[in-house]
Amino acid sequence: MFEPFNSDKNSGMGLGLSISYSIIESHGGMIYAGNNPDGGLSISFTLPVDQGNDE
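Residues numbered from 1 in each chain as written. Predicted model: local features only at pLDDT ≥ 70, side-chain atom pairs only at ≥ 80, totals over all residues. Heavy atoms only, no water.

1. Thoughts on the overall build of the protein
1) Next: A tally of helices and strands in the protein yields one helix and two strands.
2) Next: If you list the helices and strands of the protein from N to C, you get α-β-β.
3) Next: For the protein, the proportion of its 55 residues judged to be buried stands at 9%.
4) Next: Element-wise, carbon and sulfur atoms account for 51% of the exposed surface of the protein, whose accessible area totals about 4700 Å². (Helix = DSSP H or I, 4+ residues; strand = E, 2+ residues; numbered from the N terminus. Buried < 20%, exposed > 50% of the residue type's maximum accessible area, 1.4 Å probe, protein only. Areas by Shrake-Rupley, 256 points an atom, 1.4 Å probe, with all protein chains shown as cover.)

Below, the structure is given as structure tokens:
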């Protein structure tokens, strides 16, 4: 699902999740996908907190 150009939409380019994955991981975060019990999919992510150390 995070591979580029992977889409099930007729007019989709399949780049959204791939780009999101790259941006989030480059900032030290993680992205997750999970099926919803009543159908559909949820995407969530985490990013590290900046501790303000400007060294």
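2. Some points on the environment of L17
1) Next: Along the chain, L17 turns up in helix α1 (residues 16-26).
2) Next: On the basis of relative accessible area, L17 is assigned to the partly exposed category, the value being 28%.
3) Next: Separated by 26 residues in the primary sequence, L17 and I43 place their C-alpha atoms 9.2 Å from one another.

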